[in-house]
Amino acid sequence: MKSNRFFTLNFGVIFTSCIVLSIFTLLFSYHATLLFFPQTVNQENTLDYLNNNQPLLQNYTAAELSHLEDVQKVMSLADNIFYVSLVLSLLLIIYGLKRKLLPKMLLYGGISIVSVIGLILILTLISFNSSFTAFHEIFFPQGNWQFPSDSLLIQTFQLDFFIKIDLTIFIQALMWGICLAFGGRLLRPALKITSYKN
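Residues numbered from 1 in each chain as written. Predicted model: local features only at pLDDT ≥ 70, side-chain atom pairs only at ≥ 80, totals over all residues. Heavy atoms only, no water.

(A) Spatial organisation of the overall build of the chain. On a plain count of helices and strands, the chain comes out with 7 helices and 0 strands. When the helices and strands of the chain are listed from N to C terminus, the series reads α-α-α-α-α-α-α. Along the first, second and third principal axes, the C-alpha atoms of the chain reach 65 × 30 × 30 Å. By residue count, 38% of the 198 residues in the chain fall in the buried class. Restricting to contacts in the chain with at least 6 residues of sequence separation, those with at least 24 account for 79%. (Helix = DSSP H or I, 4+ residues; strand = E, 2+ residues; numbered from the N terminus. Buried < 20%, exposed > 50% of the residue type's maximum accessible area, 1.4 Å probe, protein only. Contact = heavy atoms within 4.5 Å.)

(B) Representation of the pattern of salt bridges within the structure. Summed over all chains, the structure comprises 1 salt bridge. Between lysine 164 and aspartate 160 there is a salt bridge whose closest N-O contact spans 3.2 Å. Of the two residues, lysine 164 and aspartate 160 both sit in helix α7 (residues 159–190), 4 residues apart, roughly one turn of that helix. Using a relative accessible area of 46% as the deciding quantity, one classes lysine 164 as partly exposed. Of the residues examined, aspartate 160 reaches a relative accessible area of 42% and is grouped as partly exposed. (Salt bridge = Lys/Arg side-chain N within 4 Å of Asp/Glu carboxyl O.)

(C) Examining the environment of methionine 105 more closely. Checked against the element boundaries, methionine 105 lands in helix α4 (residues 102–126). Judged by relative accessible area, which is 2%, methionine 105 ranks as buried. Sequence separation between methionine 105 and leucine 92 is 13 residues; the distance between their C-alpha atoms is 8.7 Å. Leaving out residues up to four positions away in the same chain, methionine 105 has contacts with Val13, Ile14, Ser17, Leu21, Leu92, Ile93 and Gly96.

(D) Main features of helix α2 (residues 41–52). With 12 residues, α2 extends 16 Å from end C-alpha to end C-alpha; this agrees with the ideal 16 Å at 1.5 Å per step. Taken as a whole, α2 has its buried residues at Gln43, Asn45, Thr46, Leu47, Tyr49 and Leu50. Just downstream of α2, asparagine 53 is the residue with a positive phi angle, here 60°. (Expected span 1.5 Å × (residues − 1).)

(E) Quick look at the layout of surface pockets. When its volume is computed, the largest pocket comes out at roughly 1600 Å³. What lines the largest pocket is a set of 46 residues, among which Phe135, His136, Phe139, Phe162 and Asp166 lie closest to the centre. Residue assignment for the lining of the largest pocket shows that the elements contributing at least two residues are α1 (2–36), α2, α3 (62–98), α4, α5 (128–139), α6 (152–156) and α7. Here the lining of the largest pocket is built from residues that sort into 38 nonpolar, 7 polar and 1 charged. (1 Å grid on protein atoms, 1.4 Å probe; cavity = no way out; pocket = protein on both sides within 12 Å on 5 of 7 lines; lining within 4 Å. Points joined across faces, edges and corners; volume = space filled by probe spheres on them. Nonpolar A, V, L, I, M, F, W, Y, C, P; charged D, E, K, R; others polar.)

As structure tokens, this is what we get:
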């Protein structure tokens, strides 16, 4: 009975770590990419506005500003989720070390990341336009995200920008997932774990 309880608890911890690590890795890759991704002056200024409320230098229309305000809210939500997932990841790592579950958490967390991100990456490569539209319909259901091709916002952030930055984020997250999975495999003998039972 006791062993069943430990199994259920351990399974719950590992399952939770798969979800939390996947979210954290994706958002970490998103933040890292924004930090180092090459940008034009107008792109950098607009992203500074979105991230840090810096003054805008571009003369966006009222409709474009309305959409940027919605984007700002989504980015703020992503930031909050990132910090929560960071704290949860640290707590799970500490718990995993104490319970000798960390190798399994990293292994299955890495596999989860590779599986989820790999699927998203495949869908993106098959049809970026469909994925792009689906994303906007989910996060901007009010429908104010479509603009004429000659609008300032579209000219500032052309489709090529989104394709490159999305691929960079997903490939980076994929690499982190692979590293976590291999880290989990290598960490088990290092911690001299012969069994995951307690």
